[in-house]
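Observations on chain architecture
Here is how the chains run, residue by residue.
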Amino acid sequence: MAAAGESAEQFRARVRAWLAAQATGLTGSGSDDVVEQAKRFQAALYDAGFAGISWPAEYGGQGKDATLQQVFNEEASGYELPTSPFMIGMGMCGPTLVDLGTPEQKTRHLRPLLRGEEIWCQLFSEPGAGSDVASLQTKAVADGDGWLLNGQKVWTSNAQWADFGAVLARTNTDVPKHKGITMFIVDMRAPGVEVRPLRDMTGKSPFNEVYFDDVRLPGNAVIGAVDAGWQAAVTMLGHERVSIGSSARRRYDPLASQNLVELAAELDTGTEPDVRAGLVDLYAAERVLSLFNTRLQQEADAGKAPGARGSVSKLAGALLLWRAVEVAGSVAGPRAIAWDPEDEGDQLAVAINGTPASSIAGGTNQIQRGIIGERILGLPKEPQVDRDVPFRELRVGTQTSG
Amino acid sequence: MRLILDDEQQQLSATVHKVLADHAPATRVREVMTSDVGEDTDLWRRLSSELGVAGLVVPERFGGSGAGHVERCVVAEELGAALTPVPFFASAVLAVDTLLGLGDDEACAEFLPTVVSGESVAAVAMATADGMWGAKPLPVQAESTGDGWQLTGTAPYVLSGMLADVLLVYARTPDGTGVFAVRPDASGMTRVAARTLDPTRRIARLDFAAAPARRLGTGDAGELRRSVGELAAIALAAEQVGGMRRVLDMTVDYAKVRVQFGRAIGSYQAVKHTCADMYSDTEQAISALRYAAWAADHDRDALPGAAALAQLYIGPSYFRAAANAVQLHGGIGYTWEHDAHLYYKRAKSSELLFGGARQARERLAGLLDLPGGS
Ligand SMILES: Cc1cc2nc3c(=O)[nH]c(=O)nc-3n(C[C@H](O)[C@H](O)[C@H](O)COP(=O)(O)OP(=O)(O)OC[C@H]3O[C@@H](n4cnc5c(N)ncnc54)[C@H](O)[C@@H]3O)c2cc1C
C-alpha cells in the first residue's frame, strides 16, 4: 500500500521495484486470455497502490499528485503491460465519472474499474456521426422513471469485452444538435444490446458495431445533466486526447526509434546516409514530443490547465508515427515486404498497417488542427450551416436525420 | 528537469520585451541594418549596462549577475523575436563562454567586466573553412615567436567581427588548440565585411599574416571549443524560438483580419491548419529549448545531446514557419516593406549557422551509437 509522506523519488523507486518483480516477461498482446491476464494485472496494480494514482482516495484511487502518475508511466514505458482492455475505462470513462459523476455513480463504478473487475467502452461514433459527433441519431426516450435506448454505434473499441459503456444519445430533437444530447451509463450485458465485431485493416477485430434495441436505462444512468451531454462529451474527449497524446512510445513498439536503431544494426542498413539521417530525425521528433508532454504536465501542476493544447500531443503523436513508418521502410527495405515464416517480420507489418488508426481515432488530424486553430489561436470558425437549426431538420452523414 | 519559467524569469522576459518594443521597433531595425556598421551600438550599451544582458552567465566577481543559461535564453528569445541587430551572440555568448571556459582568471578579469558592461564588444573566430564547428583542422595557425605568438590564416564566419574591439581566435598550435587575443589594430590582420543572406546579422572574415597575438589560458582548448559551440547552439535555439513565436503571431493576426471571398482567410482550413502546424512546431520547439537551457545550467552530461536536439529540431522548424508566414501573407509578404522577409532570411541563415542541422545530426548519431558516418 501507499506509504505516507513518500517523496517522488521514493515513489519512483517503489514503482521500479514492483514492475521489475511483477511485470517482467509480461506481454500485452498475442495471448489468448488477454482479458483474464489484464484483469489479474489490474487487480495486482490496485493492491500495490498503483491504480488510479491521481483519482480520489474515497473511491478507490490513491489521491496523489498527477505528476506521480507521470512517474509511473515513465517507469512503465520499458514494459509491455497487459492493460489494453482497461485503457478506455482508465483513460476516458473513469476520469469523466470523477469529474461529472454523482457520488452514487462513483461509488458503484470507480473501485470495480480500478480493481480490474469491469471493462468499459466509449459509444460516441455512429455511421452518420464521426468527426461531427453532435449529429448523432441514437435516441433515448423517457420511459417511466428511466429511458429507452434505440440506435446504432460503430467503431466501438473493446465493446466485445465491455461490462459498461458511456453512450451519447439524443434526448431532444427540437433544439440545435449540440443542445439535445445526453450521456448515459449503459450496461453492456442488458437485454437489447447486441455487439458485432468489425475487422480493421490489420486483420484484427478490436472494434465493433453496437446495436441498441429498446434497451432500458435507469434514471440514475445519466452522466452530468439531461441535454448537457455535449459538455460531458467534451470533458471525455479532453481526457482522451491527453491519454492518447501522453502515451509515450513503448519499449516494444516496433516503430519506436530505439527499436528501429536496433533493427538497422541487425540488418546492417544503419550506415546508409539516408537511413542514419532518418533514424536521428525520428529520435529527435520523438524526444521533443515527449519533452512537450512533460512541459504540459509541469504547467498543469503549476496550475495552468492544458486545455486544447492536448490536441498538439495528439496531432504530433500521429504525425510522428507516419515519420516512423517512413524510416522503418528505409531501415527494413525489402525485408518489410516479405520474410521467412520463422523470422520476426509480422510485428513491423502490423505496426505499419495500424498506423492510420492514430490519425483517425479520437478525432482526426484535420479535426485536431481545427481545434488548435480555433480554440488556441482564435482563428474564425468556418460558416456553420447547422449550428442553430433544430436537429430534426438536419441532414446527417450520408442520410437525412429522420 | 524543469521546462517552465519561474516568475522572475518571466519578469525578465517582459522587461526585455518592453525595452525592445520601445527602443528597437522594426523601423529602427531597418535603419540599423542598412547603416554601415549594421549593429545598434547605443542599444547594446543600454541593454548591457542597464539590463545586464551580457553578464547573465558571468559570475559577479567579473561584473556579471551569475543568473544562468535559462535567463540568457530568455533574453535571446526576445532579441530573436525582434531581430535586434546587436552583438549579443559575439559578445555575450561566444566570447563570454570562451573566456569563462579558459580557466584563466587573469584574462577574465581583464576582458569580462567591459564586455559585460557593453563598453567593449568581443568577437570570436572558431569556425573551420567549410563553416562547420566540428573537428576539422582550424584555418588559423599559431606560431610561437619566443616572447609571444603570431597568427597566420583566414578565419571565416566571425559574427560582429567588424565591430569588435576584442578579437578571440581559436587557432592550431603545436600542442593542440589555443585561444588567442588579437588587438583590433594588430599589424598583419585585415578584416573583410562579408555579404550576408540575413541583413540583421553582420559577419566578417579575418585574414591573418603573421599577426601578433597573445595566448589566453593554457592547454588544449579543443574541448572548450566544442562546449562553447554547444552553448551557442542553445542560445541560437532561443533566438529561433523567439522568431518562431513572432512569425506565428504575425500570421495568425493577419489571418484574422484579411478578408477574401467574403470571409477572413483564417477561416479557410488550408490557412487555419497551416497555422495549427506552425503552433504545434513552435510549442515543441519551446520544449526542446527549455530542456537544453536547463541542461546547460543543471546537467552538463546531458548538454551535448540536448544542444544537438535543439539545433536539429528547431532550425528547420523556424525556417518552415517563416516560409509559411510569407506564403500566408500573399503578395504583401513578398515585399521589402513587410517584415516577413527579415524573418525568412534570419531563419535560413540561423538554420545553417554553427554547423547547422547536419552537424547536429552527426552528433546525435554518435550519441545514439549509430554506426558509420564521418
Ligand atoms: C481504431 C479506431 C478506434 C475507434 N474507437 C472508437 C471508440 O471506441 N468509440 C467511438 O465512439 N469511436 C471510435 N472510433 C471512431 C473515431 O472517433 C471516428 O472514426 C473519427 O472521429 C472520424 O469519424 P468518421 O470515421 O465518421 O470520419 P468522418 O468524420 O466522416 O471523416 C472523413 C474524413 O473527413 C475529414 N473531415 C470531417 N470533418 C471535417 C472537417 N470539419 N474539416 C476537415 N476535415 C473533415 C476527416 O478528417 C476524415 O479525413 C475509432 C476509430 C478508429 C479508427
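Because the structure is predicted, anything quoted here is derived from the model rather than measured.

1. Considerations on the overall build of chain B
Regarding its fold elements, chain B presents 11 helices and nine strands. In terms of C-alpha radius of gyration, chain B reaches 21 Å, essentially the compact-globule figure of 21 Å for 374 residues. Summarising its shape, the C-alpha atoms of chain B cover approximately 80 × 50 × 40 Å along the three principal directions. Counting all 374 residues of chain B, 60% fall into the buried class. Surface exposure of chain B reaches about 14,800 Å², of which carbon and sulfur atoms provide 50%. Each charge class in chain B was averaged separately, 35 positive and 45 negative side chains, and the resulting centres sit 7 Å apart.

2. Some details on the overall build of chain A
Assigned secondary structure in chain A consists of 11 helices and 10 strands. A globule of 402 residues ought to have a C-alpha radius of gyration of about 21 Å, and chain A, at 22 Å, matches this closely. Projected onto its principal axes, the C-alpha positions of chain A cover 70 × 50 × 45 Å. For chain A, with 402 residues in total, the buried portion stands at 49%. Carbon together with sulfur atoms contributes 52% to the accessible area of chain A, which is approximately 18,000 Å² in total. The positive charge centre, built from 38 side chains, and the negative charge centre, built from 50, are 5 Å apart in chain A.

3. Some words on the UniProt feature "domain: Acyl-CoA dehydrogenase/oxidase C-terminal" (unreviewed entry) in chain B
The positions UniProt marks with the feature "domain: Acyl-CoA dehydrogenase/oxidase C-terminal" (unreviewed entry) are residues 234–355 of chain B. Its end C-alpha atoms 13 Å apart, residues 234–355 of chain B is made of 77% helix and 3% strand.

4. Some thoughts on the pairing of strand β5 (residues 176–182) of chain B
Residue and element names in this part refer to chain B. Counting buried residues in β5 gives six out of seven residues, a clear majority hidden from the surface. As defined by bridge partners, strand β4 (residues 166–173) adjoins β5 across seven bridges and the pair is classed as antiparallel. Across the sheet, T173 pairs through a bridge with G176, a residue of β5. Between β4 and β5, which pair antiparallel in sequence order, lie two residues. In this structure, β5 lies alongside strand β7 (residues 203–216), joined through three bridges in antiparallel fashion. When the bridges of β7 are listed, A181 appears paired with R214.

5. With respect to the domain arrangement of chain B
Residue and element names in this part refer to chain B. What the domain assignment lists for chain B is domain 1 (7–120), domain 2 (123–220) and domain 3 (223–367). Taking only C-alpha atoms into account, the centre of domain 2 sits 30 Å from that of domain 3. Contacts between domain 2 and domain 3 engage 15 residues on the former and 18 residues on the latter. Of the roughly 1,600 Å² buried at the junction of domain 2 and domain 3 (both faces included), carbon and sulfur atoms supply 60%. Counting across the domain 2 and domain 3 interface gives two salt bridges. The salt bridge partner of R201 is E239, with a shortest N-O separation of 3.0 Å. Along the contact surface separating domain 2 from domain 3 lie eight residue pairs in polar contact (both at pLDDT 80 or more).

6. Focus on the domain arrangement of chain A
All names here are of chain A. Segmentation of chain A into domains returns domain 1 (8–119), domain 2 (122–228) and domain 3 (248–363). One C-alpha centre belongs to domain 1, the other to domain 3, and the line joining them spans 25 Å. Of the roughly 630 Å² buried between domain 1 and domain 3, counting both surfaces, carbon and sulfur atoms make up 50%. It is Q70, S77 and E80 in domain 1 that bury the most area against domain 3; as a group they hold 53% of the surface buried on that side. Put simply, domain 1 and domain 3 have zero salt bridges between them.

7. Some details on the packing of aromatic side chains
Here a ring pair, both rings aromatic, is described through the centre-centre distance and the interplanar angle of the planes. Residues and elements named next belong to chain B. Overall, the coordinates contain 13 aromatic pairs over all chains when judged by the stated rule. With centroids separated by 5.0 Å and ring planes inclined at 55 degrees, the aromatic side chains of F319 and Y344 adopt a geometry described as tilted. You can see F319 sitting in helix α9 (residues 303–329) and its partner Y344 sitting in helix α10 (residues 340–352), a full 25 residues away along the chain. Accessibility expressed as a relative area gives 18% for F319, which makes it buried.

8. Some remarks on the interface of chain B and chain A
Each partner contributes to the interface: chain B provides 38 residues, whereas chain A provides 38 residues. Between chain B and chain A lies a buried interface of about 3,500 Å² when both sides are counted; carbon and sulfur atoms form 69% of it. The interface formed by chain B and chain A contains six salt bridges. Here R361 of chain B ties to D281 of chain A by a salt bridge, and the two come within 2.9 Å at their closest N and O atoms.

9. A closer look at the packing of helix α3 (residues 66–76) of chain A against helix α8 (residues 273–301) of chain A
All names here are of chain A. Where α3 meets α8, the closest approach of the two axes is 9 Å, and the angle between their N-to-C directions is 160 degrees. As far as their axial angle goes, α8 and α3 are roughly antiparallel. Residues A66, T67 and Q70 of α3 lie in contact with α8, whose contacting residues are N293, T294, Q297 and D301. Residues of the contact of α3 with α8, tallied by class, amount to one nonpolar, five polar and one charged.

10. A look at the environment of G134 of chain B
Position of G134 of chain B relative to the elements: it lies in the loop between β1 (122–125) and β2 (140–144). Not counting the four nearest positions on each side in its chain, G134 of chain B is found in contact with T128, R225, Q359 and R363 of chain B.

11. With respect to the nonpolar core
Across soluble globular proteins, nonpolar side chains show a tendency to be buried alongside one another. Among the nonpolar cores identified, the biggest contains 170 residues, and F88, L151, F208 and I314 of chain B are the most heavily contacted of them. Formed by 48 residues, the second largest nonpolar core is a distinct cluster that contains A23, Y46, F50 and L113 of chain A.

The rules we used
- Residues numbered from 1 in each chain as written.
- Chains lettered and ligands numbered in written order.
- Predicted model: local features only at pLDDT ≥ 70, side-chain atom pairs only at ≥ 80, totals over all residues.
- Heavy atoms only, no water.
- Helix = DSSP H or I, 4+ residues; strand = E, 2+ residues; numbered from the N terminus.
- Rg over C-alpha atoms; globule rule 2.2 N^0.38 Å.
- Buried < 20%, exposed > 50% of the residue type's maximum accessible area, 1.4 Å probe, protein only.
- Areas by Shrake-Rupley, 256 points an atom, 1.4 Å probe, with all protein chains shown as cover.
- Lys, Arg positive; Asp, Glu negative; His and termini not counted.
- Charge placed at Lys NZ, Arg CZ, Asp CG, Glu CD.
- UniProt positions renumbered as here; feature names shortened; annotations may be inferred.
- Pairing = 2+ DSSP bridges.
- Domains from an automatic or database assignment.
- Contact = heavy atoms within 4.5 Å.
- Buried area = accessible area lost by both parts, 1.4 Å probe.
- Salt bridge = Lys/Arg side-chain N within 4 Å of Asp/Glu carboxyl O.
- Polar contact = N/O pair within 3.5 Å; in protein donor to acceptor, adjacent residues only side chain to side chain.
- Phe/Tyr/Trp six-rings, centres within 6.5 Å; stacked < 30°, edge-to-face > 60°.
- Axes fitted to C-alpha atoms, helices over the stretch in contact; angles between N-to-C directions.
- Parallel < 35°, antiparallel > 145°, perpendicular 65-115°, else oblique.
- Nonpolar A, V, L, I, M, F, W, Y, C, P; charged D, E, K, R; others polar.
- Core = buried A, V, L, I, M, F, W, Y, C linked by side-chain atoms within 4.5 Å.

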